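# An overview of the molecular structure
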Amino acid sequence: MDMPPTVEDMTATISGTTSLTGQMLIAGTAVRGTGTEIRAFDPAAGQPLEPVYQHGDAGHVDAACAAAAGAFGAYRATSAEQRAQFLETVATNIEAISETLIARAVAESGLPQARLTGEVGRTTGQLRLFASVLREGSWNGARIDTPLPDRTPLPRPDLRQRFIPLGPVAVFSASNFPLAFSVAGGDTASALAAGCPVVVKGHDAHPGTSELVARAITDAVAASGLPAGTFSLLFGSGPDLGIALVTDSRIKAVGFTGSRSGGTALVAAAAARPEPIPVYAEMSSINPVFVLGGALATRGEELGRAFVGSLTMGSGQFCTNPGLVIAVDSPGLTTFVAAATEAVGNAPATPMLTPNIAGNYASGVDSLAAAADLVARGQQGGNETSCRAALFTTDAASFLKSEALQAEVFGASSLIVRCADTAEMRAVAQGIEGQLTATVHADESDLDEAGELLPLLELKAGRILFGGWPTGVEVSHAMVHGGPFPATSDSRTTSVGSRAIERYLRPVCYQDVPKSLLPSAIADGNPEHLWRRVDGQLTQD
Ligand code: NAP
């Protein structure tokens, strides 16, 4: 079997789509930045990586936004089939460079090769999912209320509705998924599917991975005959270039995954514009896991070990990491804590994505240590990016009155909240902030209690799991990766799965518009064979 190329092989390759040039890509043109120099950093080796990239400036933001605005008219006029084929071409182009891409992403993130191989599949799978959504057609939201000319006292006009794209979208790449939530990740795929040109602000932690993916998209734009401004990649500081992008009048929506402070800064900037725009920010979540008495009594040890498996996966750098366990004090809980303590104690130190994220993790653990009881630490690491797992306990009353104990600590750290009884457990469920997920472990004997918890958890989380652990997020039609603030800035939607397209669409009603001018999705005779709601009834006629 061929070995994947090394980073040295890769940076030495200066031809084709696998070259790394250290440039941004603005509407099909490679452009070197003018600002701060950035280099990716290999967190496992503790070494900086070539080539040098540079941050862009206000002129680059202007060029990318002007190109996106210029491309919008032609891009939104493409058929669903054309956009589906474009997304599939992006997926094919990414697969064609997957070995190079995985090697570079491993070097830039310290994440294991198997994880990043899976992430390539997740990224191309998302692109193909949106291609299938476009072909299926219900995203059009086609509705027709036929005219009632004889109705009294007033006739009803001919009313038709469909969704159209919002306009150019700014996407902020996440650090923790260098592929699936980055340049060609779910935000980009759903915005492009909707018919919106995209300007990505790449994450400084993985510029080489970003450049490779941006070239794959740029090549697909050209091969599909689309306007070059359909896609651009910029690098730059969040408070400078990022805010300039969000406040550019040509940008009409924003997708973001990252910290609460970053997400809320973008929401504030977007709301303060003369024309405010929506920001879909996925931010912070501690993903409570409720372990009920029957499950603890029969499976306490097994659950304690499995919990730590989920907690320490990927150095805990998942927005769905189980950062909170809630249970009633009992011998079963003691068994759970003992098993978890042993598993955390044996957990090897693993690299975090960047020295900055490792530093934030260390101070987050210090804050927890000041407010809760430490029960276990993982093994000590050898460099500045090492993540040492941490497990704490506290009681429900202390948890409910402490902001520090409720704050997300991004990394492999978790807090077990001991409750006096099930009423206190429900009080914790009511007292927590909005979450991406809430998990319940329940046996048959726990179902009455679980039934009382479920309506409380619906109000707090975007996804409720029974059994299992929250860290796997399926890309599918029924998935919700969202939830009330601070999990996201807009709980009405999801950033993963096919509903994500809805974030970048808005409904338009066409009243008595001449038949010859109607878009095909809502034209007479249903030329696209869509499911449409005609006079309230779903029909394909
Ligand atoms: P981040 O700091 O939120 O950065 C994400 C993106 O937002 C970057 O492009 C960043 O630009 C930009 N940004 C940050 N603050 C901004 C501001 N005030 N105004 C405008 N743009 C801003 O996230 P990160 O770099 O991935 O990791 C840092 C911390 O975020 C972690 O330690 C963790 O606490 C949290 N995090 C949470 C999740 C999650 O899923 N919940 C995921 C990743 C990270 P710059 O590069 O210039 O900063």
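This is a predicted model, so every value here is computed, not measured.

Calculation notes
Residues numbered from 1 in each chain as written. Predicted model: local features only at pLDDT ≥ 70, side-chain atom pairs only at ≥ 80, totals over all residues. Heavy atoms only, no water. Helix = DSSP H or I, 4+ residues; strand = E, 2+ residues; numbered from the N terminus. Rg over C-alpha atoms; globule rule 2.2 N^0.38 Å. Buried < 20%, exposed > 50% of the residue type's maximum accessible area, 1.4 Å probe, protein only. Contact = heavy atoms within 4.5 Å. Areas by Shrake-Rupley, 256 points an atom, 1.4 Å probe, with all protein chains shown as cover. Lys, Arg positive; Asp, Glu negative; His and termini not counted. Charge placed at Lys NZ, Arg CZ, Asp CG, Glu CD. Axes fitted to C-alpha atoms, helices over the stretch in contact; angles between N-to-C directions. Parallel < 35°, antiparallel > 145°, perpendicular 65-115°, else oblique. Left-handed = near helix turned anticlockwise from the far one by under 90°. UniProt positions renumbered as here; feature names shortened; annotations may be inferred. Pairing = 2+ DSSP bridges. Right-handed = clockwise from strand over helix to strand, strands pointing away. Nonpolar A, V, L, I, M, F, W, Y, C, P; charged D, E, K, R; others polar. Near = heavy atom within 4 Å. Polar contact = N/O pair within 3.5 Å; in protein donor to acceptor, adjacent residues only side chain to side chain. Domains from an automatic or database assignment. Expected span 1.5 Å × (residues − 1).

### Considerations on the overall build of the protein
A tally of helices and strands in the protein yields 16 helices and 25 strands. Relative to the compact-globule value of 24 Å for 541 residues, the protein shows a C-alpha radius of gyration of 25 Å, a close match. Its C-alpha atoms put the protein at 75 × 70 × 50 Å along the principal axes. Looking at the protein residue by residue over its 541 residues, the buried ones come to 54%. In the protein, the share of contacts with a sequence separation of at least 24, taken over all contacts with a separation of at least 6, comes to 75%. Summing over all exposed atoms, the protein offers an accessible surface of approximately 21000 Å²; the carbon and sulfur share of this is 54%. The centroid of the 36 positive side-chain charges in the protein is displaced by 7 Å from the centroid of its 54 negative side-chain charges.

### Some details on the packing of helix α3 (residues 80–96) against helix α7 (residues 207–223)
For any two helices packed against each other, one specifies the crossing angle of their axes together with the interaxial distance. Two numbers describe how α3 lies on α7: the axes approach to 8 Å, and their chain directions differ by 140°. In terms of axis orientation, α3 runs oblique to α7. In this structure, the crossing between α3 and α7 has a hand that is right-handed. Facing α3, whose interface residues are F86, T89, V90, N93 and I94, α7 presents V213, A216, I217, D219, A220 and V221.

### Brief notes about the UniProt feature "domain: Aldehyde dehydrogenase" (unreviewed entry) in the protein
Per the UniProt record, the feature "domain: Aldehyde dehydrogenase" (unreviewed entry) sits at residues 34–473. Secondary structure content for residues 34–473 is 46% helix and 19% strand, and the end C-alpha separation is 38 Å.

### A word on the pairing of strand β15 (residues 324–328)
Burial analysis of β15 places four of its five residues in the buried class, the great majority of the element. Where strand β14 (residues 288–291) meets β15, three bridges bridge the pair, whose relative direction is parallel. When the sheet's bridge partners are listed, V289 is paired in β15 with V325. Handedness of the β-α-β unit built from β14, helix α10 (residues 293–312) and β15 comes out right-handed. Sheet topology places β15 next to strand β20 (residues 413–419); five bridges connect them, and they run parallel. Bridged to V328 within β20 is C419.

### Brief notes about the pairing of strand β8 (residues 159–165)
Along any regular strand the residues' side chains alternate between the sheet's two faces. Across the seven residues of β8, five count as buried, placing the element largely inside the fold. For strand β7 (residues 143–145) and β8, the ladder comprises three bridges, and the chain directions are antiparallel. By the bridge assignment for β8, D145 is matched with L159. The pairing of β8 with strand β23 (residues 505–511) spans seven bridges and is classified as antiparallel. Bridging across to β23, R162 finds its partner in V508.

### Looking at the packing of α10 against helix α11 (residues 331–346)
Two numbers describe how α10 lies on α11: the axes approach to 7 Å, and their chain directions differ by 30°. When the axes of α10 and α11 are compared, the pair comes out roughly parallel. Between α10 and α11 lies a crossing of right-handed hand. For the pair formed by α10 and α11, the contact residues are L296, A297, G300, E301, L303, G304, R305, F307, V308 and L311 on the first element and G332, L333, T335, F336, A339, A340, A343 and V344 on the second. Of the residues that constitute the contact of α10 with α11, the class distribution is 12 nonpolar, four polar and two charged.

### Describing the site of the ligand
By nearness alone, 21 residues border the ligand, and S175, G238, S259, M283 and C319 come closest of all. A distance of 2.5 Å is found between an oxygen atom of the ligand and a side-chain nitrogen or oxygen belonging to S175. Starting from 850 Å² of accessible surface for the ligand in isolation, the protein chains cover 85%. Looking at the shell around the ligand, the elements that each hand over two or more residues are α8 (238–246), α9 (260–271) and α12 (355–371). Taken together, the residues of the shell around the ligand break down into nine nonpolar, nine polar and three charged. Counting contributing residues, the shell around the ligand receives three or more from each of domain 1 (24–138 + 167–283 + 495–502) and domain 2 (288–466).

### A closer look at the environment of P331
Inspection of the secondary structure assignment puts P331 in helix α11. Expressed as a C-alpha distance, the spacing of P331 and H203, which sit 128 residues apart in the sequence, is 46 Å.

### Regarding the side chain of T385
Note that T385 resides in the loop between β17 (373–377) and β18 (386–387). Among all residues touching T385, those that are not within four sequence positions of it are F41, P43, T350, P351, M352, T354, P355 and A358.

### Overview of the sheet that holds β14
In space, the seven strands of this open sheet follow the order β17-β19-β20-β15-β14-β21-β22, with mixed pairing throughout. For this open sheet the edge positions go to β17 and β22 (461–466), each flanked by a neighbour on one side alone. Pairwise comparison of adjacent strand axes, ignoring direction, gives a mean angle of 20° for this sheet. Pairing between strand β19 (residues 390–395) and β20: six bridges, direction parallel. Note on β20: the bridge partner recorded for T394 is V417. In this fold α12 packs onto β17, β19 and β20, with an angle of close to 30° to the strand it touches most, β19.

### Describing helix α4 (residues 98–109)
The terminal C-alpha atoms of α4, which comprises 12 residues, lie 16 Å apart, in line with the 16 Å expected from a rise of 1.5 Å per residue. Across the 12 residues that make up α4, a large majority, 10, are buried. Three or more residues of α4 are buried, namely S98, T100, L101, I102, A103, R104, A105, A107, E108 and S109.

### Regarding unusual backbone geometry
Note that the residue after E50, namely P51, is joined by a cis bond; omega there is -5°. Checked against the element boundaries, P51 lands in the loop between β5 (47–48) and β6 (53–54). The amide bond that connects F485 to the next residue, P486, takes the cis arrangement and shows omega of 5°. Looking at the secondary structure, you find P486 in the loop between β22 and β23. With phi around 50°, A27 is a residue other than glycine that occupies positive phi space. Looking at where A27 falls in the secondary structure, it is placed in the loop between β1 (24–26) and β2 (29–31). For N287, which is not glycine, the phi torsion reads 50° and is therefore positive.

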